[in-house]
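Analysis of the macromolecular model
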Amino acid sequence: MATLLSVKDMNVYYGVIHAVKGVSFDVEEGEIVTLIGANGAGKSTILKTISGMLRSKTGSIAFDGKDISNIEPYKLLGMGIAHVPEGRCIFQRLTVEENLEMGGYISKPAEVAAAIENVYNLFPRLKERRRQIAGTLSGGEQQMLAIGRAMMTKPRLIMMDEPSMGLAPILVQQIFQFIKELNASGTTILLVEQNAHMALRIANRGYVLETGRIVLEGKASELLTNESVKKAYLGG
Amino acid sequence: MTFLYQILNGIQIGAIYALVALGYSMVYGIVKLINFAHGDIIMLGSYAVWYFMTRLNMPWWLATIATIIFCSIVGIIIEKLAYKPLRNSARISLLITAIGVSLFLQNTVQLIFTANPKMFVTFIPSGGFSIGNRSISYTTLITIAISAAIMVALTLLVSKTKIGKAMRAVSEDNRTAQLMGINVDNTISFTFALGSGLAAVAAVLYVCSYSQIAPTMGSMLGLKAFVAAVLGGIGSIPGAMLGGLLIGVAESLTKGYISSQLADAVLFGILIIVLLVKPTGFFGRGDREKV
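Residues numbered from 1 in each chain as written. Chains lettered and ligands numbered in written order. Predicted model: local features only at pLDDT ≥ 70, side-chain atom pairs only at ≥ 80, totals over all residues. Heavy atoms only, no water.

Let us now look at helix 9 (residues 217–232) of chain B. Residues spaced three or four apart along an α-helix point in a common direction, a consequence of the helix completing one turn every 3.6 residues. Residue and element names in this part refer to chain B. Its 16 residues give helix 9 an end-to-end C-alpha distance of 23 Å, which sits within 8% of 22 Å, the value for a rise of 1.5 Å per residue. Summarising burial for helix 9: 13 of the 16 residues are buried, a large majority. At the C-terminal side of helix 9, glycine 233 shows a positive phi close to 105°. (Helix = DSSP H or I, 4+ residues; strand = E, 2+ residues; numbered from the N terminus. Expected span 1.5 Å × (residues − 1). Buried < 20%, exposed > 50% of the residue type's maximum accessible area, 1.4 Å probe, protein only.)

Given below as structure tokens:
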């Protein structure tokens, strides 16, 4: 398998605070890779740095062999990387369909129409609510919309930041099942989660972050049974 | 009859306020800046159309188009040079910069054209329709018709087109808009160009009615349009339209039935009442600050 995303020696600062400390990791094409760790471990910061919203002081970020260390955030999607930000960040004041149109902003009109149909087939709930203002959707529907929006351009890599946040357990199950299916249909996934158990169950590999550093990495199945991971993140 | 006549006059000047208020509101929506230099774009537009017609002998329609283009470009340049470098600074810095830009524009024009007012000779034929013993001038009708057409076009642009939707997305959440592949800088430039272009149209319509052009003419006009934008709910496009019309009518009725001298006092009284009673205006959203 080819390496799709390669992060080498990432160091990110918020002013004097050293938030990400020399992080390196790879994502192979076709994988689900998860970054787990407590709140404040630097997981979201890593995604934002890959997106170009923050800059790493050192090292490099490569996607499909091309250096994207200094990419402008708005060029990311054109490279084939979609980022579903923390808190979903759907456009609350736009309709459901307009949100999807924004997801396909860089595509041709005919492709947008087909991609919207595709999302509606996967999430019939969204089709029922297509003319509704997105801010009136439930949390689960908003997460579906955020994922649907990220799928509009058929990106090769989707980075998801805490898709389980604020959702009822049954919805979390559904969203993770969906992420798994999305991956099975050929999309590589980089998943940031506090819900380590759920994330590791669908992931191929995982990295454990603690205060900005990777402290453990390995196959998801091994991390699930690892004693220290169990203790720290899986509730014993 | 007099009452209807006053209302019509109010709608005429109100339509001009509305065009200017739209610029305030759209710019506020997208960069959260009260662009106090916006009124001076009207002043620039007035000088531009006067210059193009009297000095370059352009026909009125060409002069109007050239004025719109000129003001749009100036709007983009102001944003790039003065506001963009401050995009991540405190809002008060932006506000003070906007006031600085306003003074800069006024003084630059004064330096070039002196402080003496210029007279603009309208290109709209005089006369009009008579209804009863009153006549409604062509200027009034044309001002209202053009403003109405522009507002319809703008509403369609913002609600239906790709760039309009991008403007709304950026104004709601510019970081996420970037992740959609929307070039936020270009969208902001477009918004400034659009707002300044509307101010240019307002300028041409204004000088056709009021003929006098001076370096400080934009201050009061801009301030009234700002009151209109706040009344309608700053950031809201229909709000700016409604606010502009209401302010125009309020001004006209005050002049007609109370006293000309009190007209400005009434307008700013409205501003104070709106800020006290409903700071979000008619259609404004009470958004909390996003961190």
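Now that the structure has been shown, the text picks up again.
This part is about the side chain of glutamate 141 of chain A. Residue and element names in this part refer to chain A. Along the chain, glutamate 141 falls in helix 6 (residues 139–151). By relative accessible area, which is 6% here, glutamate 141 ends up buried. Separated by 3.1 Å, the side chains of glutamate 141 and arginine 129 make a polar contact. Not counting residues up to four positions away in its chain, the partners in contact with glutamate 141 are Arg125, Leu126 and Arg129. (Polar contact = N/O pair within 3.5 Å; in protein donor to acceptor, adjacent residues only side chain to side chain. Contact = heavy atoms within 4.5 Å.)

Now for the pattern of salt bridges. Residue and element names in this part refer to chain A. Within this structure, the stated rule accounts for 19 salt bridges over all chains. Taking the shortest distance from any N to any O, the salt bridge between lysine 43 and glutamate 162 comes out at 3.8 Å. One end of the pair, lysine 43, is in helix 1 (residues 43–50); the other, glutamate 162, is in the loop between strand 7 (157–161) and helix 7 (169–184), with 119 residues separating them in the sequence. Across the pair aspartate 64 and lysine 66 runs a salt bridge whose closest N-O atoms are separated by 4.0 Å. If you follow the salt bridges from partner to partner, you end up with Glu29, Asp64, Lys66 and Arg156 in one network. (Salt bridge = Lys/Arg side-chain N within 4 Å of Asp/Glu carboxyl O.)

Right, let's talk about the environment of tyrosine 47 of chain B for a bit. Residue and element names in this part refer to chain B. Among the structural elements, tyrosine 47 can be located in helix 2 (residues 38–54). Given a relative accessible area of 3%, tyrosine 47 falls into the buried group. For tyrosine 47, the residues in contact, after removing those within four places along its chain, are Val109, Phe113, Thr114, Lys118, Ile213, Ala214 and Pro215.

Taken in spatial order, the four strands line up as 2-1-4-5 (chain A) in an open sheet, and their pairing is antiparallel. What marks the edges here is a single partner per strand, and that holds for strand 2 (17–28) and strand 5 (66–67) of chain A. (Pairing = 2+ DSSP bridges.)

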